Amino acid sequence: MNQNQTLFDRALAVLPGGVNSPVRAFRAVGGTPLVLKEAKGATVCDVNGRSYLDFVGSWGPLILGHAHPEVVEAIAKAAACGTTYGAPCEDEILLAEHVIAAYPGIDQIRCVSSGTEAVMSAIRLARGATGRDGIVKFSGCYHGHSDSLLVKAGSGLATFGVPSSSGIPESTTRPTRVLELDDSEALCQLLRKEGDDIAAVIIEPMPANNGLLLQRKEFLQTLRDETLKAGVLLIFDEVISGFRIARGGAAQRYNITPDLVTFGKVIGGGLPVGAFAGPAEVMAHLAPLGSVYQAGTLSGNPLAMASGLATLRALDREDGWSQLEELGAYLDSTLGQILAASASPARLVREGSVFWMSLQEGQPPRSAEGIQAGAAERYKALFHGLLEEGICVAPSAYEVGFLSLAHSRNDIDRLAAAVEQHLPS
Ligand code: PMP
């Protein structure tokens, strides 16, 4: 009996699209999503009892792998002491101290329960601190689903925000300007002309939500220099890259310090955590110190803090980032070689433990506008070929893959061999 299908059919009746988050629905690749019942290390298991080698990693949080014993123990221990207090707890202070010591230029942090919440609150803080309404984002960067950031990319020098979801008043997105990544000139022009109206520029310094659009350091440096000149806050959205590509995230990787930073994913070790952080003088605008209101019943939740702390401590102890870089280099020399040598257009794009199989002609794109339509159909075939081999990659051509400390070279060999076999010509 196909228990997976039976359960997903029931899901379709009670959850819109059968899911609680759209990309899980396999709409981009077709077929029935796996309904999972357990996971351990680099393996996930569906309700039919079939195991898969997993490169989705719950979309980024699981840098140690699924159900890491230290994380599970920390959560269990915390749960036995109470699941939520609605009052300060020790682990939230320890987590704050840990993150502040790891990331440049921040004195204080506020924890929330998702990346969306972190970014939404950081934007409110930037507006409150500067007294300006304008926000600049880059097309191809995803910053969660809060209203003012859910804006369609436009072409041209700069576009005024048009909501990319229904249900968002245009008045909400009007102050959001969209620029293209890697376009320093447009950025300089906009900041010089309209800087006085702009509270913040937000960017994923390692854009990983539209393929992996690795940026030139020079572009990020221009962004830093020009925002400083214009008195505009620079927000690095490090929800994916924070504690993932280096202990100090993309700020460390590129040696560029933003004014505000948002975290999520890895800092929660698989439990719902987001956070935003900055210098004391900016954070002082937040309630209860200042007039920017922000709150959460489950913020700094003791289970989530314990899970995040256990993850960050294990990463430090194991020097996780150099191990992941070694694994990543091995991915380059196996999967990367296979893609580069393929008769059909394909290339591996990688930064640390984050990778993307770009199935398009030419050099990997640096902006969303450089993404060619057409790769999605070929990815679909590859995705299902890999699934047949018992390997899970993201169910979309434009989502990245994640390595964890639970992956071995053998796992990477398996992925590379399966891609070689199933990559459509
Ligand atoms: N920012 C970035 C860069 C993200 O990748 C994501 C989620 N993938 C978010 C914000 C939103 O985080 P969440 O899904 O936890 O709300």
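Along every chain, residues carry numbers that run from 1 in the direction the sequence is written. Only residues with pLDDT of 70 or above have their local features reported here, since the model is predicted, and side-chain atom pairs are shown and tallied only from 80 upward, although totals for entire chains, interfaces and linings are computed over all residues. Processing note: side-chain calculations cover all non-hydrogen atoms of the structure and skip hydrogens and water entirely.

**Description of the site of the ligand**
One heavy atom within 4 Å of a molecule or strand makes the whole residue count as near it. Taken together, Ser114, Gly115, Thr116, Tyr142, His143, Gly144, Glu204, Asn209, Asp237, Val239, Ile240 and Lys265 are the residues near the ligand. Polar contact criterion, stated in full: a pair of N or O atoms within 3.5 Å, where within protein one must be able to donate a hydrogen and the other to accept it, and residues adjacent in sequence count only if both atoms are side-chain atoms. Gly115 has a polar backbone atom sitting 2.9 Å from an oxygen atom of the ligand. Asp237 is positioned such that a nitrogen or oxygen atom in its side chain is 2.7 Å from a nitrogen atom of the ligand. Every accessible area reported is derived by Shrake-Rupley at a probe size of 1.4 Å, with residue values counting cover from the shown protein chains alone. Contact with the protein chains covers 81% of the free accessible surface of the ligand, which is 390 Å². Residue polarity is assigned by list, with Asp, Glu, Lys and Arg as charged and Ala, Val, Leu, Ile, Met, Phe, Trp, Tyr, Cys and Pro as nonpolar; anything else, Gly included, falls into the polar class. Considering only residue class, the shell around the ligand consists of three nonpolar, six polar and three charged.

**Topic: the domain arrangement of the chain**
Start and end points for every domain follow an automatic or database-based domain assignment. Segmentation of the chain into domains returns domain 1 (3-67 + 319-422) and domain 2 (69-317). A contact between two residues is defined here by any heavy atoms of the two lying within 4.5 Å. Listed by partner, the interface residues are 30 residues for domain 1 and 37 residues for domain 2. Should a side-chain nitrogen of Lys or Arg be within 4 Å of a carboxyl oxygen of Asp or Glu, the pair is scored as a salt bridge. Applying the counting criterion to the domain 1 and domain 2 interface returns two salt bridges. Between Asp182 and Arg366 there is a salt bridge, with its nearest N and O atoms 3.2 Å apart. At the junction of domain 1 and domain 2, the tally comes to 14 residue pairs in polar contact (both at pLDDT 80 or more). Only DSSP runs of H or I with at least four residues qualify as helices, and only runs of E with at least two residues qualify as strands; both kinds are numbered from the N terminus onward. Those elements that provide at least two residues to the side of domain 1 that touches domain 2 are helix 11 (320-341), strand 12 (347-351) and strand 13 (354-358). The class makeup of the residues in the side of domain 1 that touches domain 2 is 19 nonpolar, four polar and seven charged.

**What to know about the packing of helix 12 (residues 375-388) against helix 13 (residues 409-422)**
For the pair helix 12 and helix 13, the least separation of the axes is 9 Å and the interaxial angle reads 130°. By the angle between their axes, helix 12 is oblique relative to helix 13. By crossing handedness, the relation of helix 12 to helix 13 is classed as right-handed. Residues Leu382, Gly385, Leu386 and Glu388 of helix 12 touch helix 13, and the partners they reach there are Leu415, Ala418, Val419 and His422. In the contact of helix 12 with helix 13, the residues fall into five nonpolar, two polar and one charged. Axis definition: a line fit to C-alpha positions, over the contact stretch in the case of helices; interaxial angles, taken between N-to-C directions, run 0 to 180 degrees. Oblique is the label for every angle not falling under 35 degrees (roughly parallel), over 145 degrees (roughly antiparallel), or within 65 to 115 degrees (roughly perpendicular). What makes a crossing left-handed is the near helix being turned counterclockwise from the far one by less than a right angle; a clockwise turn instead makes it right-handed.

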